[in-house]
Amino acid sequence: MAEQILIVDDDTRLSAMLSDYLSGSGYATRTAASALAGLDEIRRNPPDAVILDVMLPDLDGFETCRRIRATSDVPILMLTAKGEETDRIVGLELGADDYLPKPFNPRELLARLRAILRRRTGGRSDHIMRFGKLEIDPASRVARVDGRNCEMTGHQFDILVALAENAGRTMSREQLMDRLGGEGSDALDRSIDVHISRIRAAIEDDPRRPRRIITVRGAGYVFARRQDEEG
């Protein structure tokens, strides 16, 4: 069965173009011209991924993303205004999995869509990784601390898995972007920092004094091998 993609954008010409392009690539598409219509579609018939524009006539894309994340972990690819880095960072902080500035090449959108769907459907390992109270289950794509599920996006979960698989080794922002299929740029490097901040909020006892994901100044991040040990 073809994966279902919901396009939420009030630009009907763009939605039609994307729908035709994605249909030609093997996806089943639906469109919604407003945020509320999109939210209703997600409630009635949950899609496999959402392409969400920031500029919508009723609610903006940020509020729409927040409402989606309150009830669903469906992958979200946000479309943002060209050059608006703040929009992209806010979208990531609210739970979007990836972003793409307008105007864009449909082939790049397709590549990013495939990447977030691929991250959702399969982990890199079948075994559960344990670090003190933290458990990471790549197969079910769940992280828990002391039995409590940790809320994070698919993008953030994949960063966590990449760091955990390389526990004790420093990973640069570029290496993390490579693992996620992104492109090396200053803006994308900073988006890694946003994701790390959100991951820490989910898994650290005190995100301001992290013990699991440690910043290595000028180099990147290292995932601690030993955690939750007294002293």
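Note that the coordinates shown come from a computational prediction; the quantities given were computed from them, not determined experimentally. Residue numbers restart at each chain and count upward from 1, following the sequence in its written direction. For a predicted model such as this one, the threshold for reporting local features is a pLDDT of at least 70, and the threshold for listing and counting side-chain atom pairs is 80 or more; totals across whole chains, interfaces and linings nevertheless cover every residue. Side-chain numbers here rest on the full set of heavy atoms in the structure, without hydrogens or water.

Trainee: In this structure, what is going on with the nonpolar core? I would like to understand it.
Mentor: The tendency in soluble globular proteins is for nonpolar side chains to be buried side by side. Among the nonpolar cores identified, the biggest contains 27 residues, and I136, L160, L163, I203, I213 and F223 are the most heavily contacted of them. Elements represented by at least two residues in this core include exactly β6 (129-131), β7 (134-137), β8 (142-145), α6 (154-165), α7 (173-179), α8 (186-203) and β12 (220-223). Here this core takes seven residues from α6, the largest share from any one element. Setting aside residues up to four positions removed in sequence, I213 forms contacts with L160, L163, I196, I199, R200, I203, E204, Y221, V222 and F223. Judged by nonpolar contacts, the second largest core, of 18 residues, contains L39, V54, I68 and V74. What is meant by a nonpolar core is a set of buried Ala, Val, Leu, Ile, Met, Phe, Trp, Tyr and Cys residues, joined one to another through side-chain atoms within 4.5 Å. Each residue gets one of three labels from its accessible area relative to the maximum for its type: buried under 20%, exposed over 50%, partly exposed in between, using a 1.4 Å probe on protein chains only. Helix and strand labels come from DSSP, where a helix needs a run of H or I of at least four residues and a strand needs a run of E of at least two; each type is numbered from the N terminus. The criterion used for residue contact is that any of the two residues' heavy atoms lie within 4.5 Å.

Trainee: Would you explain the pairing of strand β3 (residues 49-53) in this entry?
Mentor: Residues in a regular strand point their side chains to alternate faces of the sheet. Within β3, five of the five residues are buried, leaving the element largely enclosed by the surrounding structure. The alternating pattern of β3 places A49, I51 and D53 and V50 and L52 on opposite faces, both of which are buried. One ladder, built from four bridges, connects strand β1 (residues 4-8) with β3; its direction is parallel. Its bridge partner lying in β3, I7 is registered against I51. In this analysis, strands are considered paired if DSSP registers two or more bridges between them. Inspection of the sheet shows β3 paired to strand β4 (residues 76-80) by four bridges, in the parallel sense. Paired with L52 across the strands is M78, a residue of β4. Between the parallel pair β3 and β4, the chain is carried across by helix α3 (residues 61-71), and the sense of this crossover is right-handed. Call a crossover right-handed when, viewed with both strands pointing away from you, the route from the first strand across the helix to the second goes clockwise.

Trainee: How should I be thinking about the UniProt feature "modified residue: 4-aspartylphosphate" (unreviewed entry) in the protein in this particular structure?
Mentor: UniProt positions are given in the numbering used here, feature names are shortened, and annotations may be inferred rather than shown by experiment. In the numbering adopted here, UniProt assigns the feature "modified residue: 4-aspartylphosphate" (unreviewed entry) to D53. The residue D53 is located in strand β3 in this model. Once residues within four sequence positions are removed from consideration, D53 is found in contact with V8, D9, D10, G61, L79 and K102.

Trainee: Can you help me understand the sheet that holds strand β10 (residues 170-171) in this one?
Mentor: The pairing of strands in a sheet happens through backbone hydrogen bonds and is either parallel or antiparallel. Reading across the sheet, the three strands line up as β10-β12-β11 and stay open at both edges, with antiparallel pairing between neighbours. What marks the edges here is a single partner per strand, and that holds for β10 and β11 (213-216).

Trainee: What is the right way to look at the layout of surface pockets in this model?
Mentor: It is a probe the size of a water molecule, rolled over the atoms, that shows where empty space is left. Quantified by volume, the largest pocket comes out at close to 560 Å³. Definitions used throughout: a 1 Å grid over protein atoms alone; a cavity as a set of points that fits a 1.4 Å probe which cannot get out; a pocket as an open set with protein on both sides within 12 Å along at least five of seven lines; a lining residue as one with an atom within 4 Å of a point. The wall of the largest pocket is formed by 22 residues, among which D73, C150, E151, M152 and T153 lie closest to the centre. Within the residue set of the lining of the largest pocket, elements represented by two or more residues are α5 (106-121), β8 and α6. Examining the composition of the lining of the largest pocket, we find that three residues originate from one element, α6, more than from any other. For the purposes of this description, domain bounds are those given by an automatic or database domain assignment. Inspection of the lining of the largest pocket shows a minimum of three residues originating in each of domain 1 (4-121) and domain 2 (129-223). Grid points are joined across faces, edges and corners, and a volume is the space filled by probe spheres set on the points.

Trainee: I would appreciate a short explanation of helix α2 (residues 35-44) in the present structure.
Mentor: An α-helix turns once per 3.6 residues; consequently, residues spaced three or four apart project the same way. Within the span of α2, buried status applies to A35, G38, L39, E41 and I42. Viewed along the axis of α2, the buried residues span an arc of 160°, placing them on a single side of the element. Relative to its buried face, α2 has exposed residues pointing more than 90 degrees away, namely R43 and R44. Counting of polar contacts relies on pairs of N or O atoms within 3.5 Å, with two restrictions inside protein: one atom must be capable of donating a hydrogen and the other of accepting it, and residues adjacent in sequence are counted only when both atoms are side-chain atoms. Put simply, S34 is the residue that caps the front of α2, since its side-chain oxygen is 3.2 Å from the backbone nitrogen of A37. The arc under discussion is defined with respect to the helix axis, by the directions toward the C-beta atoms.

Trainee: What am I meant to see in empty space enclosed by the protein here?
Mentor: Going through the model one piece at a time under the given rule, you end up with one cavity of 30 Å³ or more. Taken as a whole, the largest cavity holds about 50 Å³ of empty space. For the lining of the largest cavity, the class distribution of residues is no nonpolar, no polar and seven charged. Only Asp, Glu, Lys and Arg are considered charged, only Ala, Val, Leu, Ile, Met, Phe, Trp, Tyr, Cys and Pro nonpolar, and every remaining residue, Gly among them, polar.

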